Amino acid sequence: MNKIPFGPTYDEMLHPETVKAEVRQKALKALQEDELDPVNLFNITWKNNRDEVRKMVLPSALTGVDANIVVMLGCGFPSGSHKVGPAYSTLIEGMVDNEIVPGEHTILGPSTGNFGIGTAYISKLLGFRAIVIMPDNMSKERYERIRKYGGELELTPGSESDVILTLERTHAMMKDPKNKALAQFELFPNYRFHRHVTGNSAVEAVKGVGNGRIAGFTSAPGSAGTIAAGDQIKKVFPEARIAALEPYECSTLANGGRGQHRIEGIGDKMCTLIHNVGTTDFVILIKDEETIQGLKIFHDGAEALVHMGVDREIALNLQNSFGPSGICNIIGAIKLAKFLRLGPDDNVVTVATDGFDRYHSVLADLNGRYLETTEQVLQRWTRNIFLDAGEDSVFDFRQQARKEQLYRQKENDWLKFGYTKQFLDSMREQTFWEQEYAKVQTYNEKIAALR
Ligand SMILES: Cc1ncc(COP(=O)(O)O)c(C=O)c1O
């Protein structure tokens, strides 16, 4: 076993400053110099080396709204996305419960990419063989990363919205007792990581911004792990409104719509088991092409943005910190701020799951499709996508009748995997989620005791 067989507790991921100084320093050094050093487990946190949440506050010159749009940046996590957090949390809970044993078990990671990358990475650090089960039509950078971390690939046909096939394959492979799945769509460590670590980091991220509170939180669900941060945000700021974002082309939560789309990581044609739909107030639809054009603006349009009044340093910081789903989350945050009539004191928090590094091929494809992407064109796109983002496609899910639609969707998606109606009904009560969340303390203690 490695010198550090177990990594951080949930509390230490939220507060890395409480990790032993020597280990934290070693970890920060390894993040720059050796990403495969297991000490990197202690870099699974939203905080930078100054113990501040990695974030950007977007200017009105880009968003067109008075409210502050605060984006938490996931690209600084080891492996390049915050999805490594749920992968680690699921694996470590299994290890301390003695259900997952190194040398005995192979780890399965059903995913559209980033969770698979996280699974391969964490498995490598903790000494497990990993098989990532994902659609065969995702951006090629994802497969390369998984192979680089020693992960094996099991591909299912299709793209982003065909993730249900990866789930079916995972459930079939789980019949072999040697295989243990980090089943992100249905296991609660994903909920716990995001509620505790992401949710409380969001609360810290708005300190000193506007009124220091959170009026809205937007997240486009893939597994619906990240949106669990909303449950914690609502605990601290009960006025906060939570919006789930979906591709316009695959509006499963909004109205049962199902279709192909290109926002990698989200919109998987289902209501995941771990999605607490009781706290979801709105569902907002975002057009996939706008997120790809947004990627072009952020990556290549610094000059265009500067000429529209965006501070140069901010324009340059946008270049590498976003992928299409992060841009989707920003557009959703703007729409929510407009819908709720938020003002300059108000904050809407959202998340950029990963950075540009895994989307070169997506941008190359866009460059092939558009004859012209001059500064003028990019400015027109910026106005259309961000500044003039409308309140259209905002669905209010605060009424029980609308919630029933989501409960029905969940039944439709999960009864077939062996979950009972009684269990699904128990999720209608907030106490179900509070009980799942309370296990954070149990695992804090178990991890600390066993490492
Ligand atoms: C790029 C990207 N964005 C968004 C998400 C959605 O996050 P979550 O699964 O926490 O809902 C994912 C999930 O894999 C992702 O890879």
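Residues numbered from 1 in each chain as written. Predicted model: local features only at pLDDT ≥ 70, side-chain atom pairs only at ≥ 80, totals over all residues. Heavy atoms only, no water.

Let's shift gears to the overall build of the protein chain. For the protein chain, the helix and strand inventory stands at 19 helices and eleven strands. Buried residues in the protein chain amount to 62% of all 451 residues. At a minimum sequence separation of 6, the contacts of the protein chain that also span at least 24 residues come to 75%. With the model as given, the accessible surface of the protein chain reaches about 16,500 Å², and the carbon-plus-sulfur share is 48%. The averaged location of the 59 negative side-chain charges in the protein chain is 2 Å from the averaged location of its 52 positive side-chain charges. (Helix = DSSP H or I, 4+ residues; strand = E, 2+ residues; numbered from the N terminus. Buried < 20%, exposed > 50% of the residue type's maximum accessible area, 1.4 Å probe, protein only. Contact = heavy atoms within 4.5 Å. Areas by Shrake-Rupley, 256 points an atom, 1.4 Å probe, with all protein chains shown as cover. Lys, Arg positive; Asp, Glu negative; His and termini not counted. Charge placed at Lys NZ, Arg CZ, Asp CG, Glu CD.)

Put simply, the largest pocket is a space of about 430 Å³. Contributions of two or more residues to the lining of the largest pocket are made by α4 (84-96), β6 (179-181), α8 (188-205) and α19 (430-450). Class assignment for the residues of the lining of the largest pocket results in eleven nonpolar, three polar and seven charged. One number sums up the size of the second largest pocket: a volume of about 290 Å³. The dominant element in the lining of the second largest pocket, judged by the number of residues it contributes, is helix α15 (residues 360-369), at four residues. Its residues assigned to classes, the lining of the second largest pocket comprises three nonpolar, six polar and six charged. (1 Å grid on protein atoms, 1.4 Å probe; cavity = no way out; pocket = protein on both sides within 12 Å on 5 of 7 lines; lining within 4 Å. Points joined across faces, edges and corners; volume = space filled by probe spheres on them. Nonpolar A, V, L, I, M, F, W, Y, C, P; charged D, E, K, R; others polar.)

What follows deals with the sheet that holds strand β2 (residues 68-73). Overall, mixed pairing links the seven strands, which are arranged β1-β2-β10-β7-β8-β9-β11 in an open sheet. With one partner strand each, in any of the chains shown, β1 (55-58) and β11 (394-396) form the two edges of the open sheet. Shown here is a sheet whose adjacent strand axes are inclined to one another by a mean of 25°, direction ignored. In the sheet, β1 pairs with β2 via four bridges, with the strands oriented antiparallel. When the sheet's bridge partners are listed, K55 is paired in β2 with M72. Running over the sheet, α8 touches β1, β2 and β10 (347-352) and is turned about 135° from β2. (Pairing = 2+ DSSP bridges. Axes fitted to C-alpha atoms, helices over the stretch in contact; angles between N-to-C directions.)

Relative to the helices and strands, T442 is located in helix α19. Residue class for T442 comes out partly exposed when judged on its relative accessible area of 40%. Residues T442 and L273, 169 residues apart in the sequence, show an inter-C-alpha distance of 22 Å.

Here we come to the side chain of S223. With respect to the secondary-structure elements, S223 resides in the loop between β7 (216-219) and α9 (229-236). Given a relative accessible area of 5%, S223 falls into the buried group. There is a polar contact of 3.4 Å between the side chain of S223 and the side chain of K83. Reaching out from S223, the side chain makes a polar contact with the side chain of N190 at a distance of 2.9 Å. Beyond its immediate sequence surroundings of up to four residues, S223 is in contact with K83, Q184, F185, N190, T272 and I274. (Polar contact = N/O pair within 3.5 Å; in protein donor to acceptor, adjacent residues only side chain to side chain.)

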